[in-house]
Amino acid sequence: MAKKIRVRYGNLLLTILVVFLLIYGLVSIFKFIFKDDDGKNKELPIANEENVLPEAEGSGGSKITEEYTFNIGDSFEEVSSLVQDNKLPYTIFINYVKEPREGIVNIEENTLYFEQELTKNKVKWLQSKLTKAGYPTRVDGGFGKNTKKALDQYTSEVMNQKFDHFNSAVEESLELITDNIEDKITLTKEKVKWLQEYLKIAGYYTKIDGNFGKNTQKTLDEYTTDVMGGTFATYNDDIEDSLKEYTKDKLADTTNYYLMIVNKKKNILSTFRPIDLVDITANHSGNVKYIDRKTNKALVKMFADAKEDGITLRVVSGYRSFDYQVNLFDKYVRKDGYEKANKYSALPGQSEHQTGLAVDVDNNSDKKYTVSVKFEETDAFKWLTKNAYKYGFILRYPKGKEDITGYSYEPWHYRYVGDIDIAKEISDNNLTLEEYMNK
Ligand SMILES: [Zn+2]
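Residues numbered from 1 in each chain as written. Predicted model: local features only at pLDDT ≥ 70, side-chain atom pairs only at ≥ 80, totals over all residues.

(A) Spotlight on the sheet that holds strand 6 (residues 314–317). Within the open sheet, the four strands sit side by side as 6-7-9-8. Their pairing is antiparallel. Where the open sheet ends on each side, the last strands, each with one partner, are strand 6 and strand 8 (393–395). The average undirected angle you get between the axes of adjacent strands in this sheet is 45 degrees. As defined by bridge partners, strand 7 (residues 358–362) adjoins strand 9 (residues 413–416) across three bridges and the pair is classed as antiparallel. Opposite Ala358, over in strand 9, you have Arg415 as the bridge partner. (Pairing = 2+ DSSP bridges. Helix = DSSP H or I, 4+ residues; strand = E, 2+ residues; numbered from the N terminus. Axes fitted to C-alpha atoms, helices over the stretch in contact; angles between N-to-C directions.)

(B) Spotlight on the environment of Val359. Mapped onto the fold, Val359 is located in strand 7. Val359 sits in the buried class, given 30 other C-beta atoms within 10 Å. When the C-alpha atoms of Val359 and Tyr319 are compared, they prove to be 7.6 Å apart, with 40 residues separating the residues in sequence. Not counting residues within four places of it along the chain, the set of residues in contact with Val359 comprises Ile291, Leu299, Val315, Ser317, Gly318 and Tyr414. (Buried ≥ 20, exposed ≤ 12 C-beta atoms within 10 Å, placed from the backbone. Contact = placed C-beta atoms within 7 Å.)

(C) Just the confidence of the model for the protein, in detail. This prediction gives the protein a mean pLDDT of 81; 74% of its residues lie at or above 70. A low-confidence stretch, residues 1–5 (pLDDT under 50), is modelled with zero contacts involving residues beyond four sequence positions or located in other chains. Contacts for the low-pLDDT stretch residues 32–65, under 50 throughout, to residues beyond four places or in other chains number 37 contacts. (pLDDT = per-residue confidence, 0-100.)

(D) Inspection of the packing of helix 7 (residues 189–202) against helix 8 (residues 214–228) at higher detail. Where helix 7 meets helix 8, the closest approach of the two axes is 11 Å, and the angle between their N-to-C directions is 50 degrees. As the angle between them shows, helix 7 and helix 8 are arranged oblique. By crossing handedness, the relation of helix 7 to helix 8 is classed as left-handed. Along the contact surface, helix 7 presents Val192, Gln196, Leu199 and Ala202, while helix 8 presents Thr216, Thr219, Leu220 and Tyr223. Residues that form the contact of helix 7 with helix 8 fall into these classes: five nonpolar, three polar and no charged. (Parallel < 35°, antiparallel > 145°, perpendicular 65-115°, else oblique. Left-handed = near helix turned anticlockwise from the far one by under 90°. Nonpolar A, V, L, I, M, F, W, Y, C, P; charged D, E, K, R; others polar.)

See below:
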């Protein structure tokens, strides 16, 4: 009995010893194959039919439906066992072995995405890309609640998945998406002025003051809705291109200065400056300062000749700047509203006075004749009707031509056209400048 027991005991010990040696041997061989003394990877297993994962149904490549994370601290055995358990694609395992870093396995793409270290600069990069992609967050380099929210929104809406960490997949996606997005235009004061001016030319008035407020936003939304078919969250290149295209034939042709037409349909840009503006020397009221040089010369001659006929003439309005008209028109809008103001006053860029070629005149007498239809009752007006063309001037807004000029009859407003023959032809045929230029 005792012997039998001993033998059985011995057999058991022997079996345990053999099994132990076998396991030890196998582990040693495994360790020898895969690692050197520093614990670094020595040799990689070669891919074969067995350790490549089975292909997912209906897809061309191997597709796994779970996500695995592993960290630098994970042992080689831990990670390699994932492959053996068919939990980690072999190709990803190879990548990991080649470059062991913290990473997240992206299952869809079957690739390994490395977690990105969120330095302040990286967070800034992320914030600006998210903002550009349409997920706005403040670009300050601090990864706070709002940035996390924007990032989560982006990854779930654009990438159709959520990540625990910012990683190379998100980075690549953001690069790709924002690459195709035009840079959002920063609304500097100058840029806002440009926008407001072009909206005005397009027929969507808002005060041109460089401040992007409620009214500008509303006007912009009206324009984009009517012309572009929708509103935009941010001001961008598309809007700018659309405005340029839409306003193309609403701009005054300035190539022929003395015959240029400025009216409600043809806008002169705020950047336009008369070629040769000089201090006015023809008889004028105190508020008038500048006028085109040739126009001034013609006025001096005309006023002198009128004087010889016993007629006193005086300029009460000459060159007016774009900005002057901006403020004047805005004053009227605040008083009477846009519709009404637009009937009796010129919008900035639609006033002929900005050319330096237009003058309002009176007879230097009673105030009732100044910029008033009553002026037509004066001898001064009768004299001008007979003689103005001889000096190159035309009555710019005649009676009965309101539909063509866009302005009410103005017996006081004269326009220098630079050429006596042209002025004569216009006067003799009772034409407007619009009719003469389109003949
Ligand atoms: Zn005028």
